[in-house]
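Understanding the architecture of this molecule
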Amino acid sequence: PDDTRIGLITFSDQTITQIGLSGDRSAILNALNNITRQRGETGMASAISVATQLLNSTSRNVPKALILITDGIPNVPSPPSTAVSMTTAAAAAARNSGILVYAIGVGQLTNYQTLISVAGNSSRVSQVGNFSQLFQNGLLNSLI
């Protein structure tokens, strides 16, 4: 719909807001197309927390959704078990604040159970073989 707002946050061991909440479809697609892959660790908990703050910063009474796309498993902060616990807690906090969370795993290094823990339900989990498949099968376009 015309009143939809989307933000884009990238993460590795740093979390970067690429575009705040915007209704400009062209700007959003431009931001998506210009993402450079960040090298480093997989700091999902921070990314989910930043996204939750961004989504909850609006006073608009509209449905809110977070789409987490990852090619790894949470491993920041160390040890990985702490990172997974923090990621699960951040995702639960997002869901408890009324945000619908989706998780998309890319490649072979993701953990399906962790993705389910993030999304809260296997029906909101998808997996693709590589990043180009996000656009090839229309998965992202159907969500935007």
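Numbers given to residues run from 1 along each chain, matching the order in which its sequence is written. Selection of residues for local features in this predicted model requires a pLDDT of at least 70, selection of side-chain atom pairs for listing and counting requires 80 or more, and totals for whole chains, interfaces and linings are taken over all residues. For the side-chain quantities, the full set of heavy atoms in the structure was used; hydrogens and water were omitted.

1. Observations regarding the overall build of the chain
- The helix and strand tally for the chain stands at 6 helices and 5 strands.
- Along the longest, intermediate and shortest principal axes, the C-alpha atoms of the chain span 40 × 30 × 30 Å.
- Across the 144 residues in the chain, those meeting the buried criterion constitute 33%.
- Whether two residues are in contact is decided by their heavy atoms: any pair within 4.5 Å suffices. Residue pairs in contact within the chain that sit at least 24 positions apart in sequence constitute 60% of those at least 6 positions apart.
- With residues, only the protein chains shown are counted as cover, and all accessible areas are computed by Shrake-Rupley using a 1.4 Å probe. Surface accessibility of the chain: about 7,900 Å² in total, with carbon and sulfur atoms responsible for 49%. Each helix corresponds to a stretch of at least 4 residues labelled H or I by DSSP, and each strand to a stretch of at least 2 residues labelled E; elements are numbered beginning at the N terminus. Partly exposed residues are those whose accessible area sits between 20% and 50% of the maximum for their type, while under 20% is buried and over 50% is exposed, using a 1.4 Å probe and protein chains only.

2. Here's the deal with the pairing of strand β3 (residues 64-70)
- Only one face of β3 is buried, namely the one carrying Lys 64, Leu 66, Leu 68 and Thr 70, since none of Ala 65, Ile 67 and Ile 69 on the opposite face is buried.
- Note on pairing: two strands pair once DSSP finds at least 2 bridges between them. Inspection of the sheet shows β3 paired to strand β4 (residues 99-106) by 7 bridges, in the parallel sense. Bridge assignment links Ala 65 to a residue of β4, and that residue is Leu 100.
- Handedness of a crossover is defined as follows: orient the strands so they point away from the viewer, and if the path from the first strand over the helix to the second runs clockwise, the crossover is right-handed. In this region the chain leaves β3, passes through helix α3 (residues 80-96) and returns to the parallel neighbour β4; the handedness of that crossover is right-handed.

3. As for the sheet that holds β3
- The strand order across the open sheet built from 3 strands is β3-β4-β5, with neighbouring strands paired in parallel fashion. Here the strands that pair on one side only, and so sit at the sheet edges, are β3 and β5 (125-128). Strand-to-strand twist across the sheet, computed as the mean angle between neighbouring axes with direction ignored, equals 20°. Each axis is a line fitted through C-alpha atoms, and for a helix only the stretch in contact is used; angles between axes span 0 to 180 degrees, taken between their N-to-C directions.

4. Thoughts on unusual backbone geometry
- Here Val 76 and Pro 77 are connected by a cis peptide whose omega angle stands at 0°.
- Relative to the elements of secondary structure, Pro 77 occurs in the loop between β3 and α3.
- The omega torsion of the bond from Ser 78 to Pro 79 falls at -5°, within 30 degrees of zero and hence cis.
- If you trace the backbone, Pro 79 turns up in the loop between β3 and α3.

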